[in-house]
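Residue-level listing of the chains:
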Amino acid sequence: MHYFRYVSLLIYLSVLFLSCQQKAYRYKKEVTGTDIVSAEILRPMFQRELYRATIDGKFGFKKFHLSGLLYLRTIDKNTRVVFQNEMGSTFFDFGWDEQDSFSVYQILPDLDKQALITTLRKDFELLLLKNTAKSSSGIYIIDGNKEEQYIRFERPKGFAYYVIPPGSFDIKRIEHGDEKRKVVELIMTPPTEGHNLANRISIKHLRAGFTIDLEKIENDVTE
Amino acid sequence: MPYRKRLRTICLLGYLCIALYASGQVPKGFSEMKNTAQLQSSLSNSAAHTQTITSDFTQVKHMKMLNDKVISKGKFHFKQQDKIRIEYTAPFQYLLIMNGGQIMVKDGEKTNKINTKNSKTMQSVNKVMMDCMKGTVLGNKDFNVRAYESKDQFLLSLIPITPAMKDLFSRIDVFVARSDNSVTKLVMTEKGGDFTDMNFVNKKINIVLADALFSVR
């Protein structure tokens, strides 16, 4: 009886261990005969976008919630991303120049932590296709789902998949990670159309356990 | 004196002159009030006769480097002694209630309660908002306050002293109407030079406001 319990425990632990080791993109198949995709084709083009932004997550056992406005602007081929609270105070102001060189223009001292800046920077670089490879390194079908194609771009750490329906460049999802696991997932609702940014973008940090939800503000107010 | 040392002295003197000029700059159309005791008593007197204030507001965030503005609108309510409700209605819904030492924010379905005792920043924000409404802003210890006057308005210029406030603002300007001593505009300037102004219009004084409007439960 004891022997049986011991073996069951061992099997359970082995399955647990193996499932932890399971690769994120195990069943991927390269789509052959397709062209290389330039990052330019997927890169969003915009003058000015304003989103309602909420950040929800957990720090230890404590839940946190933060809200504000996310302002994105292209000015003279430079891109700026500004997050401010509803009363106008700036939380952070990030920018990329024409060569995708990154700058922090302003950040609240409480948020001025390298790990946080790096995380947020990566999120926006994924969304805006900055500091990414100029062209794709492959197109794949994952788990046999032919409704979605995964266009892979190598990144300084790991890679990103831009998930599109076949025959279109409207982005449904962006996934960032490595062969072992997915780290960040950006879900676009509805999918991006052409070079536009989606109306709703949900940035899920699967390991860090927090989510940034963005909802486009269409009816901007005039004075 | 060696050239480098002389250059450093000249630079330092130049810097001091600019700093003195900047700190003593009188806003255009205003003159500095040397004696603020009378203003303080006038503001307190008006506040004592003001039980409630209701107004619409337009908030404009001016982004200097980006040459752009973000505009929002809403409703403002104040009730003696220490209740404020700021409700943004366009282009997004957001509610902020300050009641005593408690702050409640509601955005969409999410409600968040903050006890200002746990945050010096929130304490200061709460206090400065209440002081503006209660006419006691000249005595706020978190700021150096300078008072200016024009034909129609008083301007109270608040320069933060405490680190918590210095992180958020480089200055807050409170514009007060001479006619009824009520706040007509708030201008909050950030360290980088961007600023947000809140203009209060359609003001109604002493109309009945239910306590439920300020509930933080």
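One structure accompanies this document, and this report is about it.

Cut-offs applied
Residues numbered from 1 in each chain as written. Chains lettered and ligands numbered in written order. Predicted model: local features only at pLDDT ≥ 70, side-chain atom pairs only at ≥ 80, totals over all residues. Helix = DSSP H or I, 4+ residues; strand = E, 2+ residues; numbered from the N terminus. Buried ≥ 20, exposed ≤ 12 C-beta atoms within 10 Å, placed from the backbone. Contact = placed C-beta atoms within 7 Å. Pairing = 2+ DSSP bridges. Core = buried A, V, L, I, M, F, W, Y, C linked by C-beta atoms within 7 Å. Nonpolar A, V, L, I, M, F, W, Y, C, P; charged D, E, K, R; others polar. Expected span 1.5 Å × (residues − 1).

The subject of this paragraph is the overall build of chain A. Of regular secondary structure, chain A possesses three helices and 13 strands. Sorting the 223 residues of chain A into buried and exposed places 28% on the buried side. Long-range pairs, those at least 24 residues apart, make up 39% of the contacts in chain A with a sequence separation of at least 6.

This brings us to the sheet that holds strand E7 (residues 110-115) of chain B. Residues and elements named next belong to chain B. The twelve strands lie next to each other as E1-E8-E9-E10-E11-E12-E2-E3-E4-E5-E6-E7, forming an open sheet whose pairing is antiparallel. Two strands bound the open sheet, and with one partner strand each, they are strand E1 (31-32) and E7. As defined by bridge partners, E1 adjoins strand E8 (residues 143-149) across two bridges and the pair is classed as antiparallel. By the bridge assignment, Ser31 is partnered in E8 with Glu149.

Okay, the nonpolar core next. Counting residues in hydrophobic clusters, the biggest one holds 77 residues, and the most contacted among them are Leu70, Ile151, Tyr162 and Leu186 of chain A together with Leu156 and Val174 of chain B. A per-element tally of this core places strand E9 (residues 159-164) of chain A first, with six residues. Aside from chain neighbours lying at most four places away, what touches Tyr162 of chain A is Leu42, Ile151, Phe153, Ile171 and Ile174 of chain A.

Let's shift gears to the interface of chain B and chain A. Every contact between the two is made by 25 residues of chain B and, on the other side, 26 residues of chain A. Mapped onto the side of chain B that touches chain A, the elements with two or more residues apiece are strand E2 (52-63), strand E3 (68-79), strand E4 (83-90), E7 and helix H4 (163-168) of chain B. Of the residues contributing to the side of chain B that touches chain A, the split by class is eleven nonpolar, six polar and eight charged.

Moving on: helix H3 (residues 120-134) of chain B. All names here are of chain B. Its 15 residues give H3 an end-to-end C-alpha distance of 20 Å, which sits within 8% of 21 Å, the value for a rise of 1.5 Å per residue. Of all the positions in H3, only Ser124, Val125, Asn126, Lys127, Val128, Asp131, Cys132 and Met133 are classed as buried. Among the residues trailing H3, Gly135 stands out with phi positive, at a value near 70°.

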